[in-house]
Structures are given as C-alpha cells and as structure tokens.
Amino acid sequence: FIKAFNKKVFPIECGSSKELRTRARQWLQYEQLVCDDIVKAMDDEENGPASRICAVLKCLDESVGRHKVVLFTEYEATWEAYRHCLEEYFGDESVALYSADSPTEERERNVFRFQSDEFCQFLLADSSGGEGHNFQMADYAVHLDLPYDAAVLEQRIGRLDRLGRQSEEPIISIVPYATRTIEEDLFHIFFSIFLFKALFRLNSKLYPGFALTVVAV
C-alpha cells in the first residue's frame, strides 16, 4: 500500500484576496467540467491529477483494494459532486449514500447494504456523519474536507474504530487539502495536537494547489 510518491511542489502565489477568489472560481469551474465527464477525466493522464476529485478517486482505485471506505464531507455541494463521480466511476452497486435529507428507511437500507454487501465498497456521508451507526467493517476514512472542530474529525474516525471491530489493521485516513490555505493550517494543527497521539503519516503527494496525505491510526 505504501508507495513512493513524487514530491514535486507546484507553488501557487496569490498576491491578494481578489486574486485568491478568482483562482478559487477557476478551480471550481474546472472541477465542474471534471464532474461532467469523470470517466474521461480519469483517463486523461496529463490533466487528471490537477483535479482534486480525480486525485481522490485515483487514490481509492489504486490503494484501497477491496477494503470498505467511508467518505465524509460537511458540505452539500461536495456530497453531490462526489456522489455523481463515485457512482459514475465505480458503479451504483459499489456506492451507498447517507444523507440526513433522505427518508429514514432509505438511509437504513443504504447503511445495511454497506455493512452487509461485499460488493458495496463506499459509503458517502454528509455532515451528519452517519450519526448513530457503526462502520467498524470499514478500514478507510476519507475526509473530503476538514472540519474546524477537531472533535468532529475524531468522531468521524470513531465511526470506524468501534467495539467489535475484527480487523487488526489500522484505520487509514485519506486527507486532501488545499495548500497555502486554512485547510493546510487545519491539517497541521490537527496532526500536531491530538492526532499526534494516535496517527502517523504514511505518505503525501503534492498536486497543483493541493495535497493528498495518508495517515493511519
């Protein structure tokens, strides 16, 4: 699993908040184009890695094997984007959805399918984080965005690290974050305080404007 990633830095200098907002809008527009045809984008060796979504899907495709994975996000737009891309790239049968906006029966069916169906590999959870459910059968947690509250991050990992967990393998966290932004600051803060007590860094890869780091409990 642990691979030697190329560590090439692509600096992005933003001279003002206006320039930063412009770059953010351009990045958002680019990611929307990626979402519109994720399969084609994933096959594009030259441009694909510049997409944060492509980088996450590539990591899942190449690194997690048949392990079960829970993906967490706090934002509805992010949840919708990854819902579309996961289903398009891995197939509907591989993806279960957990959204507080869905009917209770639908949520429970999706949780049960993720827990019991070996072919259902991914669970995408919204800001509710799969509240009230245990996902100890999963070995990977993907933090699609970093919460401002470290307790939320700890709760996410706790959904997997439950009593009755049979696997002796560590829980792996995959953390994409935008470099030279508050996201990178949050990552280093979380890593340096409570996460240092439980997590160690496995590897990290830098892309234009963001990084994807893998840590393990």
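Predicted, not measured: the structure shown is a model, and the values here were computed from it.

Procedures and definitions
- Numbering of residues starts from 1 in every chain and runs along the sequence as written.
- Under the rules for a predicted model, residues below a pLDDT of 70 receive no local features and side-chain atom pairs below 80 are neither given nor counted, while totals for whole chains, interfaces and linings still include all residues.
- Note that the side-chain values use all heavy atoms of the structure and ignore hydrogens as well as water.
- Stacked, tilted and edge-to-face are the three classes assigned to paired rings of Phe, Tyr and Trp, where Trp is represented by its six-membered ring and a pair needs centres within 6.5 Å; plane angles under 30 degrees give stacked, over 60 edge-to-face, the rest tilted.
- Helix and strand assignments come from DSSP, with helices taken as H or I runs of at least 4 residues and strands as E runs of at least 2, each series counted from the N terminus.
- Note on classification: 1.4 Å probe, protein chains only; a residue is buried when its accessible area is under 20% of the maximum for its type, exposed when over 50%, partly exposed between these limits.
- Contacts are assigned to residue pairs with any non-hydrogen atoms lying within 4.5 Å of each other.
- Polar contact is the term for a pair of N or O atoms within 3.5 Å; when the atoms are in protein, one must be able to donate a hydrogen and the other to accept it, and sequence-neighboring residues count only if both atoms are side-chain atoms.
- A residue's pLDDT is the confidence the predictor assigns to it, expressed on a 0 to 100 scale.
- Counted as salt bridges are all cases of a side-chain nitrogen of Lys or Arg within 4 Å of a carboxyl oxygen of Asp or Glu.
- What makes a nonpolar core is a set of buried Ala, Val, Leu, Ile, Met, Phe, Trp, Tyr and Cys residues whose side-chain atoms join them at distances within 4.5 Å.

## As for the packing of aromatic side chains
- On inspection of all chains with the given rule, the structure shows four aromatic pairs.
- When the centroid spacing of 4.6 Å and the interplanar angle of 40 degrees are considered together, the rings of Phe90 and Phe122 count as tilted. Of this pair, Phe90 sits in helix 4 (residues 76–90) while Phe122 sits in strand 3 (residues 122–125), and the two are 32 residues apart along the sequence. The residues Phe90 and Phe122 share a single accessibility class, namely buried.
- Three or more aromatic residues link up through ring pairs in this structure, and these residues are Tyr89, Phe90 and Phe122.

## Observations concerning the environment of Val95
- Within the secondary structure, Val95 sits in strand 2 (residues 95–98).
- Discounting residues that sit within four places of it in the chain, Val95 has contacts with Leu86, Glu87, Arg113, Cys120 and Phe122.

## Some words on the environment of Glu183
- The topology assignment puts Glu183 in helix 7 (residues 182–192).
- As a C-alpha pair, Glu183 and Tyr148 span 35 residues in sequence and 9.1 Å in three-dimensional space.
- Setting aside chain neighbours within four positions, we find Glu183 in contact with Arg52, Asp145, Leu146, Pro176, Tyr177 and Ala178.
- Of note is the side chain of Glu183, whose polar atom sits 2.9 Å from the side chain of Arg52.
- Among the polar contacts listed, one links the side chain of Glu183 to the backbone nitrogen of Ala178, at a separation of 2.7 Å.

## Brief notes about the confidence of the model for the chain
- Mean pLDDT over the chain: 78, with 76% of residues reaching 70 or higher.
- Counting interchain partners and residues more than four positions distant, the pLDDT-below-50 stretch residues 1–14 has 34 contacts.

## Re the pattern of salt bridges
- One pass over the full model with this rule turns up six salt bridges.
- Glu80 serves as the salt-bridge partner of Arg83, at 3.0 Å between the closest nitrogen and oxygen. Here Arg83 and its partner Glu80 are both found in helix 4, three residues apart, which amounts to about one turn of the helix.
- Given a relative accessible area of 24%, Arg83 falls into the partly exposed group.
- Glu80 gets classed as partly exposed once you look at its relative accessible area, which sits at 34%.
- Shared partners join several salt bridges into a network, and the residues in it are Glu74, Asp145 and Arg156.

## Notes on the nonpolar core
- Counting residues in each nonpolar core, the largest one holds 31 residues, and the members touching the most others are Leu57, Leu60, Leu71, Leu86 and Ile174.
- Ranked by residues supplied to this core, first place goes to helix 3 (residues 52–63) with seven residues.
- Core analysis: the second largest hydrophobic core is formed by 14 residues, Phe114, Leu123, Ala125 and Leu160 among them.

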